Amino acid sequence: MTKPQSLFKSGRISCLPIRNRVVMPPLGMALDSAYGEITDYHIAYYEVRARGGVGPIVMEACLVEPTFGKSDFANSRIDDNRFIPIMHRLANAIHKHDTRIFVQMHHAGRQSNSALTGAVQIVAPSPVSSPVIGETLCALSLEEIADLEDRFVQGALRCKMAGMDGVKRFNHRPCEQQFRNCPIEDQHCCLSS
Ligand SMILES: Cc1cc2nc3c(=O)[nH]c(=O)nc-3n(C[C@H](O)[C@H](O)[C@H](O)COP(=O)(O)O)c2cc1C
């Protein structure tokens with residue numbers, strides 16, 4: 001079998017050089033501490049992948065809001081400045097190997113559930129339940145939407161301060177995408193009110 005040469009060619013993501021096109025996808029590993037701080041073990045896990053030769057790593061879902069935003073019991077958090085130093089250590093550990101690291105900023109919206117949020121009613125752009133989760137939920141108010149926007153901005157700034165190479169959004173219908181979730185949101189989105 002011929003080796004896919006182009007996979008191992010260097011390239012760029014915008015102006016950022018990458019050493020090859022082998023991308024580690026976001027994989028939630030539940031390796032964080034109980035309150036969502038990245039652990040030494042978690043850093044070691046990513047560093048092994050960087051040493052192994054991947055070009056960019058896309059870090060797993062990291063919360064911009066620690067309660068309603070959860071999609072797992074152990075999501076990493078980027079909702080507070082106190083997480084910057086440990087994120088900085090992670091970024092340095094990855095950069096040592098000439099690998100890039102991107103952070104996936106996340107709020108689960110209607111993809112969360114009350115077992116994760118601690119029995120707090122989950123929130124989304126509209127009060128329509130997810131057919132998969134099936135829980136009643138609360139529509140975000142305009143103030144809460146503005147707060148959420150700000151949380152994404154602040155989360156991105158923290159990632160920049162920590163030396164991360166970039167940010168991206170969660171892949172599977174996160175809260176911000178639920179605003180465009182036709183036909184459910186077309187009928188109920190509070191932005192239209
Ligand atoms: C254990 C596990 C954790 C995952 N965590 C995330 C995650 O945090 N964020 C995300 O967007 N996708 C997550 N995914 C989805 C993977 O990134 C996705 O399956 C991978 O990109 C492969 O995609 P493909 O099956 O379409 O090739 C996860 C998948 C698994 C199996």
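Residues numbered from 1 in each chain as written. Predicted model: local features only at pLDDT ≥ 70, side-chain atom pairs only at ≥ 80, totals over all residues.

## Concerning the site of the ligand
Basically, it comes down to this: In this analysis, residues qualify as near a molecule or strand once their C-beta atom, positioned from backbone atoms, comes within 6 Å of it. Any residue outside Ala, Val, Leu, Ile, Met, Phe, Trp, Tyr, Cys, Pro, Asp, Glu, Lys and Arg is labelled polar, Gly included; the first ten of those are nonpolar and the last four are charged.
The environment of the ligand is made up of Pro25, Pro26, Leu27, Gly28, Glu60, Ala61, Gln104, Phe170, Asn171 and His172. Of the residues in the shell around the ligand, the class split is 5 nonpolar, 4 polar and 1 charged.

## Here's the deal with helix H4 (residues 142-161)
Put simply, the test is: A helix here means a DSSP run of H or I that spans at least four residues, while a strand means a run of E at least two residues long, and both kinds are numbered starting from the N terminus. In this scheme, a helix's expected span is set at 1.5 Å multiplied by one less than its residue total. Exposure classification rests on a simple neighbour count of other C-beta atoms within 10 Å of a residue's own: a residue reaching 20 or more is buried, one at 12 or fewer is exposed, and one in between is partly exposed. C-beta atoms are placed from the backbone. The directions considered for the arc run from the helix axis to the C-beta atoms. Placing C-beta atoms from the backbone, we regard two residues as in contact once those atoms come within 7 Å.
Helix length check: H4, at 20 residues, gives a terminal C-alpha distance of 29 Å against a target of 28 Å (1.5 Å per residue), a fit within 8%. All of the buried residues along H4 are Leu148, Gly155, Arg158 and Cys159. Within H4, the buried residues cover an arc of 95° as seen down the axis, which keeps them to one side. Among the exposed residues of H4, those oriented more than 90 degrees off its buried face are Leu142, Glu143, Ala146, Glu149, Asp150 and Val153. Considering only its buried residues, H4 is in contact with helix H2 (84-95), strand S5 (100-106) and strand S8 (166-169). Once H4 ends, the next one or two residues include Gly163, with phi positive near 90°.

## As for the sheet that holds strand S4 (residues 76-77)
Heads up, the rule is: Any two strands are treated as partners once DSSP identifies two or more bridges connecting them.
Taken in spatial order, the 4 strands of this open sheet run S4-S3-S5-S8, and their pairing is parallel. Both edges of this open sheet fall to S4 and S8, since each of them pairs with a single strand only. Alignment of S5 against S8, held across 4 bridges, turns out to be parallel. If you follow Gln104 over to S8, its bridge partner there is Lys168.

## Considering the environment of Cys175
One can find Cys175 in helix H5 (residues 175-178). Here the alpha-carbon distance between Cys175 and Asn113, two residues 62 residues apart in the chain, equals 13 Å. Residues contacting Cys175, with those up to four places away along its chain left out, are His107, Ala108, Gly109 and Ala124.

## Section: the packing of helix H1 (residues 40-52) against H2
Each pair of packed helices gets described by two things: the angle between the helix axes and the distance between those axes. Spelled out, the test is: Lines are fitted to the C-alpha atoms to define the axes, a helix being fitted only along its stretch in contact, and any angle between axes, read from their N-to-C directions, falls within 0 to 180 degrees. In these notes the angle categories are as follows: under 35 degrees is roughly parallel, over 145 is roughly antiparallel, 65 to 115 is roughly perpendicular, and the rest is oblique. A crossing counts as left-handed when the near helix is turned anticlockwise from the far one by less than a right angle, and as right-handed when that turn is clockwise.
Here H1 crosses H2 at 20°, and the two axes come no closer than 8 Å. Classed by the angle they form, the pair H1 and H2 counts as roughly parallel. Once H1 is placed against H2, the crossing between them reads as right-handed. The residues of H2 that touch H1, namely those facing Ile43, Tyr46, Glu47 and Ala50, are Arg89, Leu90, Ala93 and Ile94. Across the contact of H1 with H2, the residue classes break down as 6 nonpolar, no polar and 2 charged.

## A closer look at the pairing of S5
The two faces of the sheet receive side chains in turn, since in a regular strand these alternate between them. Among the 7 residues in S5, 7 count as buried, and that is most of the element. Here S5 shows two buried faces, one formed by Arg100, Phe102, Gln104 and His106 and the other by Ile101, Val103 and Met105. Both strand S3 (residues 56-63) and S5 contribute to a ladder of 6 bridges, which runs parallel. Paired with Ala61 across the strands is Gln104, a residue of S5.

The quantities given are spatial measurements derived from coordinates; they are silent on function.
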